[in-house]
Amino acid sequence: MKEMTEGERSMMRFRFCALGIYLLICFYDFLFTPIWWGLNRPDISEFMKIMATVEDPLIRQQLMIKLTGQHSPFTLLGGGLFHLTFLSILTASVWKK
């Protein structure tokens, strides 16, 4: 079996680091944050008491958005350009292998 050169070892470390970082970001954005978002919703009975004291309909609307809103993944903002960029970095690092 052929020994790897220092450059090949360095590229291999880069690939694993880039892949690990990408996976951590995806786990955070698609798994941990939505779970946290769902577990930390306000209690509806307390929330309705607060809603009863507010007169302005625009403020009431924003409060309802807080109660019923969902997490939108940060990495999908901008049309998923983040994922395309990481895909191109990982693909380019493996291309000449």
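Here, every reference points to the structure presented above.
Predicted model only: the values in this text are computed from it and were never measured.

Caption draft 1: How the structure looks around the pattern of salt bridges. By the definition in use, this model includes two salt bridges. A salt bridge links Glu6 to Arg9, with the nearest nitrogen and oxygen atoms 3.0 Å apart. Pair noted here: Glu6 and Arg9 are both in helix H1 (residues 6-39), with a separation of three residues, about one helical turn. For Glu6, a relative accessible area of 47% corresponds to the partly exposed category. Through salt bridges that share partners, Glu6, Arg9 and Arg13 make up one connected network.

Caption draft 2: Representation of the nonpolar core. Counting residues in each nonpolar core, the largest one holds five residues, listed as Ala18, Tyr22, Cys26, Phe86 and Leu90. If you list the elements that add at least two residues to this core, you get H1 and helix H4 (81-95). At three residues, the largest contribution of residues to this core is made by H1. Residues in contact with Tyr22, not counting those within four places in the same chain, are Phe82, His83 and Phe86.

Caption draft 3: Fine view of the side chain of Arg15. With respect to the helices, strands and loops of the structure, Arg15 is situated in helix H1. One buried charged side chain, Arg15, makes no salt bridge at all; its nearest oppositely charged neighbour is Glu8, positioned 8.4 Å away. Separated by 2.7 Å, the side chain of Arg15 and the backbone oxygen of Ser93 make a polar contact.

Caption draft 4: Here's a closer look at the packing of helix H2 (residues 44-53) against helix H3 (residues 57-68). At a minimum axis separation of 11 Å, H2 and H3 run at an interaxial angle of 170°. Between H2 and H3, the crossing angle belongs to the class labelled roughly antiparallel. Each of Ile44, Phe47, Ile50 and Met51 in H2 lies in contact with H3, whose residues at this interface are Arg60, Leu63, Met64 and Leu67. Per-class residue counts for the contact of H2 with H3 are seven nonpolar, no polar and one charged.

Caption draft 5: Broad picture of a nonpolar patch on the surface. Together, Phe16, Leu19, Leu23, Phe27, Tyr28, Leu31, Phe32, Ile35, Leu39, Phe74 and Leu77 give the surface a local cluster of nonpolar side chains, amounting to about 1,200 Å² of exposed area. Looking at where Leu77 falls in the secondary structure, it is placed in the loop between H3 and H4.

Caption draft 6: Representation of the state of the cysteines in the model. In this structure the tally under the stated criterion is zero disulfides. The thiol sulfur of Cys17 is not disulfide-bonded, and the nearest other cysteine sulfur, from Cys26, lies at 16 Å. For Cys26, a relative accessible area of 14% puts it in the buried group.

Conventions we followed
Residues numbered from 1 in each chain as written. Predicted model: local features only at pLDDT ≥ 70, side-chain atom pairs only at ≥ 80, totals over all residues. Heavy atoms only, no water. Salt bridge = Lys/Arg side-chain N within 4 Å of Asp/Glu carboxyl O. Helix = DSSP H or I, 4+ residues; strand = E, 2+ residues; numbered from the N terminus. Buried < 20%, exposed > 50% of the residue type's maximum accessible area, 1.4 Å probe, protein only. Core = buried A, V, L, I, M, F, W, Y, C linked by side-chain atoms within 4.5 Å. Contact = heavy atoms within 4.5 Å. Lys, Arg positive; Asp, Glu negative; His and termini not counted. Polar contact = N/O pair within 3.5 Å; in protein donor to acceptor, adjacent residues only side chain to side chain. Axes fitted to C-alpha atoms, helices over the stretch in contact; angles between N-to-C directions. Parallel < 35°, antiparallel > 145°, perpendicular 65-115°, else oblique. Nonpolar A, V, L, I, M, F, W, Y, C, P; charged D, E, K, R; others polar. Patch = residues over 30% accessible without salt bridge, like charges linked within 9 Å, V, L, I, M, F, W, Y side chains within 5 Å. Areas by Shrake-Rupley, 256 points an atom, 1.4 Å probe, with all protein chains shown as cover. Disulfide = S-S within 2.5 Å.

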